[in-house]
Amino acid sequence: MNIIVCIKQIIDPEMPPAKFKVDSQAKKVIPPESIPLKVSPFDAQAVEAALRIKEKQSATITALTVGQATASEAIKHVLSMGVDEGIILSDAAFEGSDVFGTAYILSQAIRKIGNYHLILCGRQAADWDMGVVGSALAEYLGIPVVTLARKVEASGANLRVERVIPDGHEVAEVALPVVVTVSSELGQPRLPSGKGIIMAARKKVPIWSAKDIECDLSRVGAGAARSDLTALFIPTQKRRGEMVSGENAADAAAKLVLRLREEKAI
Amino acid sequence: MADYRGVLVLAEMRDQATAPITRELLGAGRRLAQDIGEGLSALLLGSGLGAATKEAIASGADKVYVVDSTAFASYNSDGYLTVVTKVCQEIRPAILLMGQTSIGRDLAPLVAARLGASLSTDCVDLKIEPATKKLVQTRPVYGGNALAVVVSKAYPQIATVRARAMKPAEPDASRQGEVIAIDVGSLETRVRIVDVVKMETGQVKLEEAKVVVAGGAGISEAKDFDLVKELAAVLGGAVGATRLPCEDGLVPWGFQIGQTGKIVAPDLYIAVAISGAPQHMAGCSGSKCIVAVNKDPQANIFKVADFGIVADYKQALPVMIKKCQEIKTSH
């Protein structure tokens with residue numbers, strides 16, 4: 001089985017909010033210097049889903065990412081988790097692509113790879129939080145998508161997917177090839193192994209350009225984006241922030257309840 | 001784009017009744033339609049939709065497109081995608097609104113990709129730019145650390161709307177509207193749903209609870225969640241959690257509140273040992289009153305709460321439970 005996992009390298013979404021800074025003029029997030037970029041957590045879980053399938057049957061896993069030179073670190077990370085091959089899709093023409101442009105770039109790379117059965121993506125990139133690329137990719141490839149998976153199992157030419165719904169899950173069956181987007185409920189991704197890190201260091205990671213994937217340039221880059229970002233800012237808090245203190249935890253707790261009673265909150 | 005007109009809302013059903021998000025979408029849709037000076041339509045898919053159709057008109061729809069068929073009794077991607085794209089191609093709405101719900105999350109990206117439309121997901125504010133009549137879409141990004149404002153270049157302008165972000169429509173039974181039945185013919189379904197497993201949480205529906213007491217990463221053992229449950233029980237509320245306790249199996253995933261979990265907006269939200277990460281606050285920021293109990297005075301939760309105490313929950317909660325009991329019994 002040939003599995004492709006699409007990953008994105010992002011600013012650590014779990015950094016302390018105090019370190020999060022925005023350049024409102026440039027409408028860009030300022031990457032915090034002391035905190036390294038990482039693979040978007042939902043994408044790492046998509047890698048985990050692929051690796052769990054590979055534990056049960058023979059499979060080759062290829063990771064794809066659209067990005068710049070630093071993206072090689074993201075690819076190396078997933079290679080060290082156990083992914084077999086990695087490819088970086090990078091070209092000046094790709095810069096400023098929106099989710100639809102990105103999905104198109106990935107679809108062209110996947111067409112070039114040709115022989116694929118399962119494509120896994122995170123449910124959304126944990127930076128822009130759109131949740132579009134996996135589904136748009138499926139549309140562009142003309143194959144179905146199952147979103148928000150918490151379990152993915154292959155059985156012959158079919159896939160069995162448990163997808164998260166409010167207050168439970170549903171079980172979907174679908175013929176390959178298919179795109180599946182993975183949600184937090186799948187569980188934690190594994191850490192890189194020592195052997196994996198050594199293997200990953202030796203691995204060559206090819207870079208494919210727009211020309212390599214026969215990209216229609218009218219569909220990528222900032223010019224093809226379907227929306228304009230007109231502002232980016234950190235919202236101000238409108239909460240009261242009233243601290244209730246006491247001689248000790250128990251006293252503070254008692255006073256808190258009284259205060260809430262005064263406010264008719266209880 | 002002059003040949004795109006009006007606002008279309010995808011109405012959602014839940015348990016054979018109009019879902020709360022539908023009234024919120026119609027409330028927002030009515031306001032936007034008024035601001036562009038055009039009409040509001042609703043698209044309703046399901047089975048047995050008579051009452052829901054009337055309700056959509058009462059809630060502000062001038063036209064309701066209805067697909068009333070057992071084939072649509074539950075959501076399926078391919079069927080909904082076919083119908084929504086067909087209706088959009090026929091009526092060419094300038095704006096299409098869906099909920100940022102299980103259905104909207106799955107469907108909106110597919111519709112946008114198929115139509116070549118623009119899309120903003122999880123919008124918390126929508127308004128019309130007076131000069132251009134374009135839809136100005138505000139959505140949280142970076143897990144809620146920042147807000148982005150976006151204007152579309154491609155039509156229809158599709159937006160999914162976060163639950164509890166928009167004021168619901170006030171139904172007016174005297175309103176008149178046109179009902180248009182759509183014949184969809186036979187549909188291809190590439191994904192088969194073979195089983196649905198509902199998890200009983202044994203408590204009030206989180207989204208409907210007036211009081212929510214939620215536990216966070218500071219709670220390390222399942223038995224310590226009993227204190228959270230006890231406080232919730234005394235206050236007649238429901239129990240929630242951040243992602244980590246769910247991930248660690250202390251409580252079921254159905255308890256997760258946040259950007260990728262449930263969105264709640266109770267009168268009172270008590271955050272116990274919760275750090276206050278934006279990804280979690282996204283799920284509770286609509287609460288009337290947020291109370292924080294955390295032993296770390298630097299925790300972000302105190303910046304986003306109305307009331308807070310710096311205290312270890314193991315010491316604070318038993319006292320809060322006792323005091324709340326006293327208040328309830330004296331009442």
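What you see is a predicted model, and the numbers here were worked out from it, not measured in a lab.

**Student:** Explain the overall build of chain B residue by residue, including any values.
**Tutor:** In terms of helices and strands, chain B carries 8 helices and 18 strands. Compactness check: chain B gives a C-alpha radius of gyration of 22 Å against a globular reference of 20 Å for 331 residues, within 12% of the reference. For chain B, the spread of C-alpha atoms along the principal axes amounts to about 65 × 45 × 40 Å. Expressed as a percentage of the 331 residues in chain B, the buried residues total 59%. Of the contacts made within chain B by residues no fewer than 6 positions apart, 62% connect residues no fewer than 24 positions apart.

**Student:** With reference to specific residues and values, describe empty space enclosed by the protein.
**Tutor:** Following the criterion strictly, the structure yields 5 cavities of 30 Å³ or more and no others. Here the largest cavity is characterised by a volume of approximately 110 Å³. Taken together, 14 residues line the largest cavity, and the ones lying closest to its centre are Arg-163 and Glu-170 of chain A together with Ser-77, Val-191 and Ile-193 of chain B. Every element with two or more residues in the lining of the largest cavity is listed here: strand 9 (145–155) and strand 11 (168–175) of chain A together with helix 3 (77–91) and strand 13 (191–198) of chain B. When grouped by side-chain class, the residues that make up the lining of the largest cavity number 6 nonpolar, 4 polar and 4 charged.

**Student:** I'd like to hear about the side chain of Ser-41 of chain B, residue by residue, with values.
**Tutor:** With respect to the helices and strands, the residue Ser-41 of chain B is situated in strand 4 (residues 40–46). The class for Ser-41 of chain B is buried, based on a relative accessible area of 10%.

**Student:** Give me the sheet that holds strand 9 (residues 134–141) of chain B: which residues, what numbers.
**Tutor:** Sheet architecture is open: 4 strands sit in the order 14(A)-10(B)-9(B)-8(B), paired in antiparallel fashion. Each edge of the sheet is formed by a strand with only one pairing partner; in this case those strands are strand 14 (227–233) of chain A together with strand 8 (125–129) of chain B. Strand-to-strand twist of the sheet, defined as the mean angle between neighbouring strand axes without regard to direction, takes the value 25 degrees. As paired strands, strand 9 of chain B and strand 10 (residues 146–152) of chain B are joined by 6 bridges and run antiparallel to one another. Bridging across to strand 10 of chain B, Val-136 of chain B finds its partner in Val-151 of chain B. Sheet strands in contact with helix 1 (residues 20–36) of chain B are strand 8 and strand 9 of chain B, and its direction is about 10 degrees off that of strand 8 of chain B.

**Student:** Which residues make up the pattern of salt bridges, and what are the values?
**Tutor:** Evaluated as defined, the whole model comprises 40 salt bridges over all chains. One salt bridge in this structure joins Asp-127 of chain A and Lys-8 of chain A, with 3.1 Å as the shortest N-O distance. Here Asp-127 of chain A, found in the loop between strand 8 (118–122) and helix 4 (133–141), pairs with Lys-8 of chain A, found in the loop between strand 1 (2–7) and strand 2 (9–10); they are 119 residues apart in sequence, far enough to count as distant. The buried category is assigned to Asp-127 of chain A, whose relative accessible area is 6%. A salt bridge links Lys-223 of chain B to Glu-221 of chain B; the shortest N-O distance between them is 3.9 Å. In this structure Glu-221 of chain B comes out as partly exposed when scored by relative accessible area, which is 39%.

**Student:** Quick one: what's the story with the packing of helix 2 (residues 71–81) of chain A against helix 5 (residues 194–202) of chain A, residue by residue and with numbers?
**Tutor:** All names here are of chain A. Running from amino to carboxyl end, helix 2 crosses helix 5 at an angle of 135 degrees, the nearest separation of the two axes being 7 Å. Taken together, the axes of helix 2 and helix 5 are oblique relative to one another. Once helix 2 is placed against helix 5, the crossing between them reads as right-handed. Residues Lys-76, Leu-79 and Ser-80 of helix 2 pack against Gly-196, Ile-197, Ala-200 and Ala-201 of helix 5.

**Student:** Explain the packing of aromatic side chains to me, and be specific about the residues and the numbers.
**Tutor:** Two aromatic rings, taken as a pair, are described by how far apart their centres are and by the angle between their planes. All names here are of chain B. Under the counting rule described, the total for this entry stands at 5 aromatic pairs over all chains. For the ring pair Tyr-4 and Tyr-155, a centre distance of 5.5 Å and an interplane angle of 40 degrees mean the geometry is tilted. Taken together, the residues span a long stretch of sequence, with Tyr-4 in the segment before strand 1 (7–11) and Tyr-155 in the loop between strand 10 and strand 11 (157–161) at a distance of 151 residues. Judged by relative accessible area, Tyr-4 falls into the buried class, the value being 16%. By relative accessible area, Tyr-155 is classed as buried at 9%. For the ring pair Tyr-75 and Tyr-80, a centre distance of 4.7 Å and an interplane angle of 70 degrees mean the geometry is edge-to-face. Judged on exposure class, the residue Tyr-75 and its partner Tyr-80 are both buried.

**Student:** Give me the lowdown on the nonpolar core, citing residues and values where you can.
**Tutor:** The biggest cluster of nonpolar side chains holds 59 residues, and the ones touching the most others in it are Ile-119 of chain A together with Leu-43 and Leu-107 of chain B. It is helix 3 (residues 99–113) of chain A that provides the largest number of residues to this core, a total of 8 residues. Each residue touching Leu-43 of chain B, except ones within four places of it in the same chain, is listed here: Leu-8, Val-9, Leu-10, Ala-11, Tyr-65, Val-83, Val-84, Val-87 and Ile-182 of chain B. By size, the runner-up hydrophobic cluster in this structure holds 41 residues, among which are Val-244 of chain A together with Val-239, Val-251 and Leu-317 of chain B.

**Student:** Describe helix 1 of chain B, and please don't skip the residues or the numbers.
**Tutor:** Residue and element names in this part refer to chain B. For helix 1, built from 17 residues, the straight-helix expectation of 24 Å at 1.5 Å per residue is met to within 8% by its first-to-last C-alpha distance of 25 Å. Ile-21, Thr-22, Glu-24, Leu-25, Leu-26, Gly-27, Ala-28, Gly-29, Leu-32, Ala-33 and Ile-36 are the residues of helix 1 that are buried. Positive phi shows up at Gly-37, right after helix 1, with a value of about 70 degrees.

**Student:** Any chance you could break down the environment of Ile-105 of chain A for me, citing the residues and the numbers?
**Tutor:** Structurally, Ile-105 of chain A can be placed in helix 3. Not counting chain neighbours up to four residues away, the residues in contact with Ile-105 of chain A comprise Val-66, Leu-89, Phe-94, Ser-97, Ile-213 and Val-220 of chain A.

**Student:** Any chance you could break down the sheet that holds strand 6 (residues 60–66) of chain A for me, citing the residues and the numbers?
**Tutor:** Strand order in the open sheet formed by 10 strands is 13(A)-7(A)-6(A)-1(A)-8(A)-12(A)-9(A)-10(A)-11(A)-13(B), with mixed pairing between adjacent strands. A strand with exactly one partner marks an edge of an open sheet, and here the two such strands are strand 13 (207–208) of chain A together with strand 13 of chain B. Note that strand 1 of chain A and strand 8 of chain A share 4 bridges and pair parallel. Paired with Val-5 of chain A across the two strands is Leu-120 of chain A, which belongs to strand 8 of chain A. Its contacts with the sheet put helix 2 of chain A on strand 1, strand 6 and strand 7 (85–89) of chain A, and the angle it makes with strand 7 of chain A is roughly 165 degrees.

**Student:** How would you sum up helix 2 (residues 50–58) of chain B? Please name residues and give values.
**Tutor:** Residues spaced three or four apart along an α-helix face the same direction, because each turn holds 3.6 residues. Residues and elements named next belong to chain B. Along helix 2, the residues that are buried comprise Ala-52, Thr-53, Ala-56, Ile-57 and Ala-58. Of the surrounding elements, those touching the buried residues of helix 2 are strand 2 (13–14), strand 3 (17–18), helix 1, strand 4, strand 5 (63–68) and strand 12 (178–181). Backbone geometry just downstream of helix 2 places Gly-60 in the positive-phi region, at approximately 125 degrees.

**Student:** Run through the interface of chain A and chain B, naming residues and quoting values.
**Tutor:** With 78 residues of chain A at the interface, the matching set in chain B holds 81 residues. Here chain A and chain B share an interface that buries about 6,900 Å² over both sides, 59% of which is from carbon and sulfur atoms. Contact with chain B buries area across many residues of chain A, yet Asp-167, Arg-226 and Arg-239 of chain A alone supply 12% of it, more than any other trio. At the junction of chain A and chain B, the tally comes to 8 salt bridges.

Thresholds, definitions, all that
- Residues numbered from 1 in each chain as written.
- Chains lettered and ligands numbered in written order.
- Predicted model: local features only at pLDDT ≥ 70, side-chain atom pairs only at ≥ 80, totals over all residues.
- Heavy atoms only, no water.
- Helix = DSSP H or I, 4+ residues; strand = E, 2+ residues; numbered from the N terminus.
- Rg over C-alpha atoms; globule rule 2.2 N^0.38 Å.
- Buried < 20%, exposed > 50% of the residue type's maximum accessible area, 1.4 Å probe, protein only.
- Contact = heavy atoms within 4.5 Å.
- 1 Å grid on protein atoms, 1.4 Å probe; cavity = no way out; pocket = protein on both sides within 12 Å on 5 of 7 lines; lining within 4 Å.
- Points joined across faces, edges and corners; volume = space filled by probe spheres on them.
- Nonpolar A, V, L, I, M, F, W, Y, C, P; charged D, E, K, R; others polar.
- Pairing = 2+ DSSP bridges.
- Axes fitted to C-alpha atoms, helices over the stretch in contact; angles between N-to-C directions.
- Salt bridge = Lys/Arg side-chain N within 4 Å of Asp/Glu carboxyl O.
- Parallel < 35°, antiparallel > 145°, perpendicular 65-115°, else oblique.
- Left-handed = near helix turned anticlockwise from the far one by under 90°.
- Phe/Tyr/Trp six-rings, centres within 6.5 Å; stacked < 30°, edge-to-face > 60°.
- Core = buried A, V, L, I, M, F, W, Y, C linked by side-chain atoms within 4.5 Å.
- Expected span 1.5 Å × (residues − 1).
- Buried area = accessible area lost by both parts, 1.4 Å probe.

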